[in-house]
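Residue-level structure breakdown
Here is what each chain is made of, one letter per residue.
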2 protein chains.
Amino acid sequence: VQQAYVHLESRGLIKAMPKSGFYVNSFHRERLPDPESLLGSLVSSEVAVSELVSNHFLAARDPLMVPLGAACPSPELFPSSRLNRILRELAREVPLHSSEYEFPPGSMSLRRQIARRSIQWGCKLSPSEIVTTSGGMEAINLCLRAIAEPGDTIALESPTYFGILQSIESLKMRALEIPSDPRHGMDLDVLKQAVRKTKIKACVVISNFNNPLGSLMPDENKKRIAEILIPRGIPIIEEDFYGDLAFNGIRPKDIKSFDVDGWVMLCSSFSKTLAPGFRIGWTAPGRFQAQVERLKFVNTVATPSLPQMVIAEYLENGGYDRHIRKLRQAFSVQIQRVAQAVLRCFPEGTQVSRPEGGFVLWVELPKEVDSIRLHQLALRQKISILPGAVFSPSGRYRNFIRLNCGNVWTPQIEAALATLGTLCRSFS
Amino acid sequence: VQQAYVHLESRGLIKAMPKSGFYVNSFHRERLPDPESLLGSLVSSEVAVSELVSNHFLAARDPLMVPLGAACPSPELFPSSRLNRILRELAREVPLHSSEYEFPPGSMSLRRQIARRSIQWGCKLSPSEIVTTSGGMEAINLCLRAIAEPGDTIALESPTYFGILQSIESLKMRALEIPSDPRHGMDLDVLKQAVRKTKIKACVVISNFNNPLGSLMPDENKKRIAEILIPRGIPIIEEDFYGDLAFNGIRPKDIKSFDVDGWVMLCSSFSKTLAPGFRIGWTAPGRFQAQVERLKFVNTVATPSLPQMVIAEYLENGGYDRHIRKLRQAFSVQIQRVAQAVLRCFPEGTQVSRPEGGFVLWVELPKEVDSIRLHQLALRQKISILPGAVFSPSGRYRNFIRLNCGNVWTPQIEAALATLGTLCRSFS
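Residues numbered from 1 in each chain as written. Chains lettered and ligands numbered in written order. Predicted model: local features only at pLDDT ≥ 70, side-chain atom pairs only at ≥ 80, totals over all residues. Heavy atoms only, no water.

1. Quick word on the overall build of chain A
Per the secondary structure count, chain A includes 14 helices and 16 strands. A total of 428 residues make up chain A; the buried ones form 65% of that total. When the accessible area of chain A is evaluated, it comes to approximately 15200 Å², of which 50% is carbon and sulfur surface. (Helix = DSSP H or I, 4+ residues; strand = E, 2+ residues; numbered from the N terminus. Buried < 20%, exposed > 50% of the residue type's maximum accessible area, 1.4 Å probe, protein only. Areas by Shrake-Rupley, 256 points an atom, 1.4 Å probe, with all protein chains shown as cover.)

See below:
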């Protein structure tokens, strides 16, 4: 192993940090893919990733699978005992008020807790600006439906979260890929060109720790994207599911903190930090709030009451900040371990992202590796991964994969990564 | 009071039943409105009821309101203690598996319980045919999106549940109103004409105890509607939220029981019988299951895990059948009491429906009463009702209202109905 590290260090892929271990260097190339190629093709495309994604998820339902696909942390990383205690307390109440409808905009106590925390993101939201939703993806869906129609073009990062692409696909909108830098996110010069050339109806951005890229948009870029789009009347749908998971402990701001006149529709979720199965998300949709509330009522009538009550109580008295400190430390370590194993086991030419938050890793494989085929081969070995193609409407990233690093490191994960490395070699 | 009853009986509006009290007679006219008028205008219309509905719901969020609007039973009618106990038991489990994603098609234990009960409806579903959803309206939305596009025409009952109309409106589809009989539901002769004349993409039917009409489609009509639509390849989206609430205790069949080749997409919910705030619904979408599962994932990723687990356990061991017996008895009494009060307090010319299940009452007011104006006047007196216009895409039923009878009878409700009667008189 020591020899492997020395070899990787000599290749410039990792560096030793005193008393801390080896760290993976960022991508050699700062942009993926070559920005010129994307610039040349600044045309929107129809989206068709849903079949690929649903094939993936059908496969991943097998509990025997090593779960490197879906972005799910190990359940033991969540504050189960505390959530349990809150649940038991709420379940003493008779009649069970958790069984009543909590019509939009949703639970006041939860909205109050979200508003209270929003100061950390530079937003200073009031509870009345917030609408709770059945998970973060419902928030994204409602925002898209509130401001765009079938046929409209939505600008987004390339690569970006497949859920956003599926949403655009199901709503029969079109996607325009803006190249994204693995460190700083969306290329705003290209975005500026794009809004001049093309009619763009909205822009969806994952500002903090983009999934799958791990990029963090710097504050000056957050300010600048608002300055580019707002004067043109183009709403920004900002997805920030991972902002609380910054490894350096500094909570990044949101684009929403640079909002003018309510053009930024901030969307978030508790699925990545507290309890995915509770299905609680929210949005602060600015000037489009009335439309979003109405669509929320049409789409699912109300957000489940009990999970909202539990999360509100947890945020108020449960020790969320302490939990998050432990969680981001765990993710930071897990990402390092997976990245190191990938560089050790995968063929030469493999590069990995170096996220500073979140828990997914973006891996560029040698050109000859077809990651959809790799995904199929891996499933047979009971390993789930996500092929890069699901993160692009135009089928880019064929030789990329996303790895979920949310799970506590085990020998089983180590063995799975070694197997993936062997499978990758079979392509050359 | 006795004098009033005698007066009503002499007008033929109620009849005395030995040892049982007074019962309200059904509408004098069997159809509402005049079927000829609807037949003459068999053209689809754009739908725009959402603003009216959301105005209503915004108002109804006030907890001081006498709740005759939204179709919500009193919380004390639900089995709180038992649901509580199940919740407390589940909250002992560490790590909390309820915090994990339950990806589509959803909880196997819940789908097994639904399948087990489906024999009562003549359906014999298998768990693998069922997809759980975030409430019954998500099921309807997903089914509509799976089979129709913006601009397509959907045939439906007139009047019908406003949630269906809002869904069609938000998806930019068109609605074709088929006249409906207060006793037997959709007029199938008109439907047959309509499918010959017009391109209909799907048909949405509330087969058992239509909301707001209370109609129950007879078995022979259920068979016939399947025979009319299935050979033409027109899917039937069957909403059956109220089927378990038949006052005579005989669980009616579903259209789904006459399905051939999976063209009937059955949708249901536990919001009207167990726990609205849990937000658990489901669909058995037949041949369109793959599309529905995919859209479910796109729309809200997964249905909340914990409420599914609680309901599954309650259905298995909680005494659901005993609970339902008590519930339908309560609703039957409450409907009688509201109907009697309406006929006592409202101006002459008022007629009420005579539902044999569910818990809403459909009231025809004298022609001069504008129910939207009545709704506004009632709100000022802290009474919520639903104006008839929200149940029709073309703005019919201006002199109708729907009254929620889900609440246990109180002097406050009695007083509110008297006030409504006085307000109605102010129109003449």
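Moving on from the model shown.
2. Section: the relation of the copies chain A and chain B
Between the two chain copies there is a screw-like relation: a rotation about an axis and a shift along it. Superposing chain A onto chain B requires a rotation of 180° together with a translation of 0.0 Å along the rotation axis, leaving an RMSD of 0.0 Å. Both copies are brought into coincidence by an operation consistent with a two-fold rotation axis. Of every C-alpha in chain A, the one belonging to Arg88 of chain A sits nearest the axis of rotation, 2.5 Å from it. With an isologous cut-off of 70% or more, the 100% of interface residues of chain A that recur at the interface of chain B puts this contact in the isologous class. (Least-squares fit on C-alpha atoms with pLDDT ≥ 70 in both. Contact = heavy atoms within 4.5 Å.)

3. Some remarks on the interface of chain A and chain B
The interface of chain A with chain B comprises 60 residues on the first partner and 60 residues on the second. Connecting chain A to chain B are two salt bridges. A salt bridge links Glu149 of chain B to Lys172 of chain A; its shortest N-O distance comes to 3.8 Å. There are 21 residue pairs in polar contact (both at pLDDT 80 or more) connecting chain A and chain B. Contributions of two or more residues to the side of chain A that touches chain B are made by α3 (50–60), α4 (80–90), α6 (136–147), α7 (162–170), α10 (289–300) and α11 (305–317) of chain A. Looking at which element gives the most residues to the side of chain A that touches chain B, the answer is α10 of chain A, with seven residues. Partitioned by chemical class, the residues of the side of chain A that touches chain B number 28 nonpolar, 17 polar and 15 charged. (Salt bridge = Lys/Arg side-chain N within 4 Å of Asp/Glu carboxyl O. Polar contact = N/O pair within 3.5 Å; in protein donor to acceptor, adjacent residues only side chain to side chain. Nonpolar A, V, L, I, M, F, W, Y, C, P; charged D, E, K, R; others polar.)

4. A word on the pairing of strand β16 (residues 400–404) of chain B
Residue and element names in this part refer to chain B. Of all five residues making up β16, five are buried, and the element is well covered by its neighbours. Bridge analysis of strand β13 (residues 360–364) against β16 gives five bridges, and the strand direction is antiparallel. Bridging from a neighbouring strand, Leu361 pairs with Leu403 of β16. Pairing geometry for strand β15 (residues 386–387) and β16, over two bridges, is antiparallel. Looking across to β16, one finds that Pro387 is bridged to Ile401. (Pairing = 2+ DSSP bridges.)

5. Quick look at the sheet that holds strand β15 (residues 386–387) of chain A
What the four strands build is an open sheet, ordered β12-β13-β16-β15 (chain A); its pairing is antiparallel. Looking at the sheet topology across the chains shown, the edges are occupied by β12 (351–352) and β15 of chain A.

6. With respect to the pattern of salt bridges
All names here are of chain A. A full pass over the atoms with the stated rule returns 26 salt bridges over all chains. Lys256 is the salt-bridge partner of Asp259, the closest N and O atoms lying 3.4 Å from each other. Three or more residues joined by partner-sharing salt bridges are found here, namely Asp240, Asp244, Arg251 and Asp254.

7. Describing the sheet that holds strand β8 (residues 202–206) of chain A
Residues and elements named next belong to chain A. Here eight strands make up an open sheet; going across it, the order is β4-β11-β10-β9-β8-β5-β6-β7 and the pairing mixed. In this open sheet, the two edge strands, each paired with only one partner strand, are β4 (131–133) and β7 (185–186). Strand direction decides the pairing type here: β4 and strand β11 (residues 281–284), joined by three bridges, are antiparallel. For Thr133, the partnering residue across the bridge sits in β11 and is Gly281.

8. Here's the deal with α4 of chain A
Along α4 of chain A, the residues classified as buried are Ser80, Leu83, Asn84, Ile86, Leu87 and Leu90 of chain A. On an axial view of α4 of chain A, the arc spanned by its buried residues comes to 165°, and they lie on one face. Its buried side turned inward, α4 of chain A meets α11 of chain A together with α4 (80–90) and α11 (305–317) of chain B. (Arc of directions from axis to C-beta.)

9. Some remarks on the nonpolar core
Leu191 and Ile225 of chain A together with Leu191 and Ile225 of chain B are the most contacted members of the largest nonpolar core, which has 220 residues in total. When near neighbours in sequence (up to four residues on either side) are disregarded, Ile225 of chain B contacts Met186, Leu188, Leu191, Cys203, Val205, Met217, Ile236 and Ile255 of chain B. (Core = buried A, V, L, I, M, F, W, Y, C linked by side-chain atoms within 4.5 Å.)

10. Examining the state of the cysteines
The final tally for this structure, using the stated rule, is zero disulfides over all chains. The thiol of Cys143 of chain A is not disulfide-bonded; the next cysteine sulfur, from Cys267 of chain A, is found 3.7 Å away. Free cysteine: Cys123 of chain B, not disulfide-bonded; nearest cysteine sulfur from Cys267 of chain B at 12 Å. Overall, Cys123 of chain B belongs to the buried group, its relative accessible area being 14%. (Disulfide = S-S within 2.5 Å.)

11. Considerations on empty space enclosed by the protein
By the definition in use, this model includes eight cavities of 30 Å³ or more. Computed from the structure, the largest cavity encloses a volume of approximately 200 Å³. Taken together, 21 residues line the largest cavity, and the ones lying closest to its centre are Ala71, Tyr161 and Lys272 of chain A together with Tyr101 and Val301 of chain B. (1 Å grid on protein atoms, 1.4 Å probe; cavity = no way out; pocket = protein on both sides within 12 Å on 5 of 7 lines; lining within 4 Å. Points joined across faces, edges and corners; volume = space filled by probe spheres on them.)

12. Examining the packing of helix α13 (residues 371–380) of chain A against helix α14 (residues 411–425) of chain A
All names here are of chain A. Where α13 meets α14, the closest approach of the two axes is 10 Å, and the angle between their N-to-C directions is 135°. Of the possible angle classes, the one that applies to α13 and α14 is oblique. In this structure, α13 meets α14 at a crossing whose hand is right-handed. For the pair α13 and α14, the contacting residues are Leu374, Leu377 and Ala378 in the first and Leu420, Leu423 and Cys424 in the second. (Axes fitted to C-alpha atoms, helices over the stretch in contact; angles between N-to-C directions. Parallel < 35°, antiparallel > 145°, perpendicular 65-115°, else oblique. Left-handed = near helix turned anticlockwise from the far one by under 90°.)

13. Considerations on helix α8 (residues 188–197) of chain B
All names here are of chain B. All buried positions along α8 are accounted for by Leu188, Val190, Leu191, Ala194 and Val195. In an axial view of α8, the angular spread of the buried residues amounts to 150°, which keeps them on one side of the axis. Set apart from the buried face of α8 by more than 90 degrees, the exposed residues are Arg196 and Lys197. Measuring from the side-chain oxygen of the N-cap residue of α8 to the backbone nitrogen of Asp189 gives 3.0 Å; that N-cap residue is Asp187.

14. Considerations on the pairing of strand β11 (residues 281–284) of chain B
Residues and elements named next belong to chain B. Side-chain alternation along β11 places Gly281 and Thr283 on one buried face and Trp282 and Ala284 on a second face that is also buried. In this structure, strand β10 (residues 264–269) lies alongside β11, joined through four bridges in antiparallel fashion. Across the sheet, Ser269 pairs through a bridge with Gly281, a residue of β11.

15. Quick look at the environment of Val408 of chain A
Residues and elements named next belong to chain A. Among the structural elements, Val408 can be located in the loop between β16 (400–404) and α14. Distance in space between the C-alpha atoms of Val408 and Thr283 is 30 Å, their sequence separation being 125 residues. Discounting residues that sit within four places of it in the chain, Val408 has contacts with Ser74, Glu76, Leu77, Gln334 and Ile413.

16. A closer look at the confidence of the model for chain A
Residues and elements named next belong to chain A. On average, residues of chain A carry a pLDDT of 90, and 89% of them reach 70 or more. A low-confidence stretch, residues 18–40 stays under pLDDT 50, and its non-local contacts, those more than four residues away or across chains, total 73 contacts. The complex model carries a pTM of 0.91, and its ipTM stands at 0.90. (pLDDT = per-residue confidence, 0-100.)

17. Here's the deal with the environment of Val338 of chain B
All names here are of chain B. Along the chain, Val338 falls in helix α12 (residues 320–345). According to the relative accessible area criterion, Val338 is buried, its value standing at 3%. Between the C-alpha atoms of Val338 and Asn208, which are 130 residues apart in sequence, the distance is 21 Å. With sequence-adjacent residues up to four places away left out, Val338 is seen in contact with Leu361, Leu403, Cys405, Trp409 and Leu417.

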